[in-house]
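Architecture and fold: a report
One-letter residues, chain by chain:
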There are 2 protein chains.
Amino acid sequence: MNVQEAMQRLKEKGFKHTDKREDMLELFSNEKRYLAAKDVLESMQDKYKGLSFDTIYRNLSVFTELGILESTELDGEKKFRFTCSTDHHHHHLICLDCGKTKHIDECPMDLFPVKKEGFHIVGHKFEVYGYCEQCEVQRP
Amino acid sequence: MNVQEAMQRLKEKGFKHTDKREDMLELFSNEKRYLAAKDVLESMQDKYKGLSFDTIYRNLSVFTELGILESTELDGEKKFRFTCSTDHHHHHLICLDCGKTKHIDECPMDLFPVKKEGFHIVGHKFEVYGYCEQCEVQRP
DNA sequence: ATATTTGCAAAACGTTTGCATACGG
DNA sequence: CCGTATGCAAACGTTTTGCAAATAT
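Residues numbered from 1 in each chain as written. Chains lettered and ligands numbered in written order. Predicted model: local features only at pLDDT ≥ 70, side-chain atom pairs only at ≥ 80, totals over all residues. Heavy atoms only, no water.

Let us now look at the sheet that holds strand β1 (residues 35-36) of chain B. Sheet strands pair via backbone hydrogen bonds, and the direction of the pair is either parallel or antiparallel. Residue and element names in this part refer to chain B. A sheet is described by the order of its strands in space; here 3 strands give the open sequence β1-β3-β2, paired in antiparallel fashion. Unpaired on one side and paired on the other, β1 and β2 (69-74) mark the two borders of the sheet. With 2 bridges joining them, β1 and strand β3 (residues 77-82) adopt antiparallel strand pairing. Across the sheet, the residue bridging to Ala36 is Lys79, located in β3. Contacts from helix α2 (residues 19-31) reach β1, β2 and β3, with the element oriented near 80° to β3. (Pairing = 2+ DSSP bridges. Helix = DSSP H or I, 4+ residues; strand = E, 2+ residues; numbered from the N terminus. Contact = heavy atoms within 4.5 Å. Axes fitted to C-alpha atoms, helices over the stretch in contact; angles between N-to-C directions.)

Before going further, it helps to spend a moment on the protein's contact with DNA strand C. In the neighbourhood of DNA strand C, 19 residues make up the surrounding shell, with A:Tyr57, B:Lys20, B:Arg21, B:Asp54 and B:Thr55 lying closest. Protein-adjacent atoms of DNA strand C, using a 4 Å cutoff, are sugar or phosphate at a proportion of 63%. Contact distances for DNA strand C include 3.4 Å between a base oxygen and a side-chain N or O atom of A:Arg58. The side chain of B:Lys20 places a nitrogen or oxygen atom 2.5 Å from a phosphate oxygen of DNA strand C. Residue assignment for the surface near DNA strand C shows that the elements contributing at least two residues are α4 (53-65) and β3 (77-82) of chain A together with α2 and α4 (53-65) of chain B. Residue contributions to the surface near DNA strand C peak at 4 residues, all from α4(B). By residue class, the composition of the surface near DNA strand C is 3 nonpolar, 6 polar and 10 charged. (Near = heavy atom within 4 Å. Polar contact = N/O pair within 3.5 Å; in protein donor to acceptor, adjacent residues only side chain to side chain. Nonpolar A, V, L, I, M, F, W, Y, C, P; charged D, E, K, R; others polar.)

Before going further, it helps to spend a moment on the relation of the copies chain A and chain B. Rotating chain A by 180° about the axis while translating it 0.0 Å along that axis superimposes it on chain B, leaving an RMSD of 0.1 Å. These values place the two chain copies in the arrangement generated by a two-fold rotation axis. Ranked by how close their C-alpha atoms come to the rotation axis, the residues of chain A are headed by A:Phe126, at 2.2 Å. (Least-squares fit on C-alpha atoms with pLDDT ≥ 70 in both.)

Moving on: the protein's contact with DNA strand D. Surveying the vicinity of DNA strand D reveals 21 residues, the closest of which are A:Lys20, A:Arg21, A:Asp54, A:Thr55 and B:Tyr57. Taking all atoms of DNA strand D within 4 Å of the protein, the share assigned to sugar and phosphate is 65%. A:Thr18 is positioned such that a nitrogen or oxygen atom in its side chain is 3.2 Å from a phosphate oxygen of DNA strand D. Where the surface near DNA strand D is concerned, the elements lending two or more residues are α2 (19-31) and α4 of chain A together with α3 (37-44), α4 and β3 of chain B. With 4 residues, α4(A) is the largest single contributor of residues to the surface near DNA strand D. Tallied by class, the residues present in the surface near DNA strand D amount to 4 nonpolar, 6 polar and 11 charged.

In structure tokens, the structure reads:
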């Protein structure tokens, strides 16, 4: 998945091409890490003066519904990242400061059976948290 | 951990005994599942007419800081449950409807090495989500 | 007596919505 | 042109806060 493919998918689904959308996708494509809505706004409000949270949130929703972005909830905030191009199901090691990630290829659900006894399982979450080299050194 | 032990721990730390605190702990002790602040308020406002969210939230914080409750974030809400008495580190299978849980004794962190490369790891989260028997049948 | 706990009110925070206008195809 | 996208303002739900009154020890 890259910006071109993402814009193509938008077009196919009847969404329109706008510079803001393209720039949002560029941002995620460049950063390859988890960003909150406020991070997106911050990065873009130099170029787009009146840009507001509604537009950011609406586009984040659209992107996520189309599978262009994936999201997680960290510290009470929804965070988004470009969907990993790997088709292999995997998890992430996440920097709590900057949102940078590393892949974890193993999935716990494959490695041992969860005794479901009467539960209808619909999903799981496995994330490892830490601080990356850069953030670790400048931590308070 | 039971209600008596929890009240004892509060006392040791200089917190006062109040009926509301004891009843909150009774609730968690009886329910043994993840509850949101609003669930707690709902259960208690028959007995305590003027009871408000501030008190609930303040006490949830105190209980969590003292390790009496443990919390997770589900669907944008903080949810709390009585800390499992098991001393064995474990994870949970959680009903997305009622918050009921089952233990998962295995921890993915023990089962395979996460390649940390430069990350300073400080935590992890592994949760499996589903619907328990009761909630599954009455699902929309 | 004193410090903690509570209720009230208000605000914070991230997020979502209705509506009128602007803009892309 | 038509329908989508956007900005504005206002609301939302959850959680937090300052303050004065009530309560536990």
